[in-house]
Amino acid sequence: MFKGSMPALVTPFSNGELDLDALKRLVEWQIAEGSTGLVPVGTTGESPTLTHDEHELVIAETVKAAAGRVPVIAGAGSNNTVEMIRFVEFAKKAGADAALVVTPYYNKPTQRGMVQHFTAAHDCAELPIIIYNIPGRSIVDMTPATMGELAKLPRIAGVKDATGDLARVSQQRASCGADFVQLSGEDATALGFNAHGGVGCISVTANVAPKLCAEFQAATLAGDYALALEYQDKLMPLHEAIFIEPGLAGAKYGLSKLGMCSEEVRSPLTTLEDSTKAAIDAAMRHAGLL
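Residues numbered from 1 in each chain as written. Predicted model: local features only at pLDDT ≥ 70, side-chain atom pairs only at ≥ 80, totals over all residues. Heavy atoms only, no water.

Asks: Give me the side chain of Asn 207: which residues, what numbers.
Replies: Mapped onto the secondary structure, Asn 207 falls in the loop between β9 (200–203) and α9 (210–221). Here Ala 8 takes part through its backbone oxygen, which lies 2.9 Å from a polar atom of the side chain of Asn 207. Leaving out residues up to four positions away in the same chain, Asn 207 has contacts with Pro 7, Ala 8, Leu 9, Val 10, Trp 29, Gln 30, Thr 44, Ala 251 and Leu 255. (Helix = DSSP H or I, 4+ residues; strand = E, 2+ residues; numbered from the N terminus. Polar contact = N/O pair within 3.5 Å; in protein donor to acceptor, adjacent residues only side chain to side chain. Contact = heavy atoms within 4.5 Å.)

Following this line, the structure appears as structure tokens:
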């Protein structure tokens, strides 16, 4: 159910407020371009600066707009277990197909604490849980052994792995089983990730290049790595340029060039420097998007 190219959706703003019309346009466009799932209100969706009500509204509107055509994996992460439970329960109520729960950031739980946190996510609602392991942001790193322990629970369905360590895919296959859904959280290494046994990517670049990212993923899943490498060569400059500054700001700028939404972001983030915009423009031209 969860495979292929799934954008970590940006949350559009207009004059500081949610732009729900733009959000609906993005959902329609993503589905038309071949994205195989949608992931609202992760970090790329600016969840740290959304109110709880805004967070839940974006989930509800994304589910409504998708209308069952592709799965919706709702961002439900927090370093507060009680707050995470609220978001997972809401995702279930709103009709999402799964919840994405990040390893608790800043307060640095032990492996035992992470088992406790994710068991609470599993137990609070009849909803598949995708673990989001991103040590570069959360500081803590869930080990393959810990993930294997959690994978014994029936609704711990998979991982969004943003460690950048391709060996993890094989290690997690060993600890969690071959049916455990492994999704890349890093665009630049998604080719190698799938070669090791991954089945897709929760992608920032797919916000801007959904068709190319979907076709790239389809090629890897069909085992056509020669074709996938051609797509990788088209996309690599864009993967890099989008992340010169925080990726969501890069993605929003790219979308603004395509007339899809404003480049507006919430403080403490800022819109891009002119040099970064020029790099993204060049990368979009290289990919055939401009």
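Asks: Account for the sheet that holds β9, with residues named and values stated.
Replies: The strand order β1-β9-β8-β7-β6-β5-β4 describes an open sheet built from seven strands, whose pairing is parallel. Of all the strands in the sheet, the pair left with one neighbour each is β1 (4–7) and β4 (73–75). Each adjacent strand pair in this sheet contributes to an overall mean axis angle of 30°, direction not counted. Bridge count between strand β6 (residues 129–133) and strand β7 (residues 156–161): five bridges; the pairing is parallel. Of the residues in β7, the one forming a bridge with Asn 133 is Asp 161. (Pairing = 2+ DSSP bridges. Axes fitted to C-alpha atoms, helices over the stretch in contact; angles between N-to-C directions.)

Asks: Mind laying out the packing of aromatic side chains, listing which residues take part and the relevant values?
Replies: According to the stated counting rule, one finds zero aromatic pairs in the structure shown. For the cation-ring pair, Lys 160 lies above Tyr 132, with the distance from its terminal atom to the ring centre recorded as 4.0 Å. (Phe/Tyr/Trp six-rings, centres within 6.5 Å; stacked < 30°, edge-to-face > 60°. Lys NZ or Arg CZ within 6 Å of the ring centre and 35° of its normal.)

Asks: An account of the pattern of salt bridges is requested, with residue identities and associated values reported.
Replies: Summed over all chains, the structure comprises 11 salt bridges. Linking Arg 266 and Glu 54 is a salt bridge whose minimum nitrogen-to-oxygen distance equals 2.8 Å. With Arg 266 in the loop between α11 (247–257) and α12 (274–286) and Glu 54 in helix α2 (residues 52–66), this residue pair connects regions lying 212 residues apart in the sequence. On the basis of relative accessibility, which here comes to 15%, the residue Arg 266 falls in the buried class. Its salt-bridge partner being Arg 86, residue Glu 56 comes within 2.7 Å of it at the nearest N-O pair. (Salt bridge = Lys/Arg side-chain N within 4 Å of Asp/Glu carboxyl O. Buried < 20%, exposed > 50% of the residue type's maximum accessible area, 1.4 Å probe, protein only.)

Asks: Go over the packing of α9 against helix α10 (residues 225–242) with me, naming the residues and quoting the values.
Replies: In the contact formed by α9 and α10, the axes pass within 8 Å of each other and the chain directions differ by 155°. Looking at the two axes, α9 sits roughly antiparallel to α10. Considering only the axes of α9 and α10, their crossing is left-handed. Between α9, through Leu 212, Cys 213, Glu 215, Phe 216, Ala 219 and Thr 220, and α10, the contact on the second element is made entirely by Tyr 225, Leu 227, Ala 228, Tyr 231, Gln 232, Lys 234 and Leu 235. (Parallel < 35°, antiparallel > 145°, perpendicular 65-115°, else oblique. Left-handed = near helix turned anticlockwise from the far one by under 90°.)

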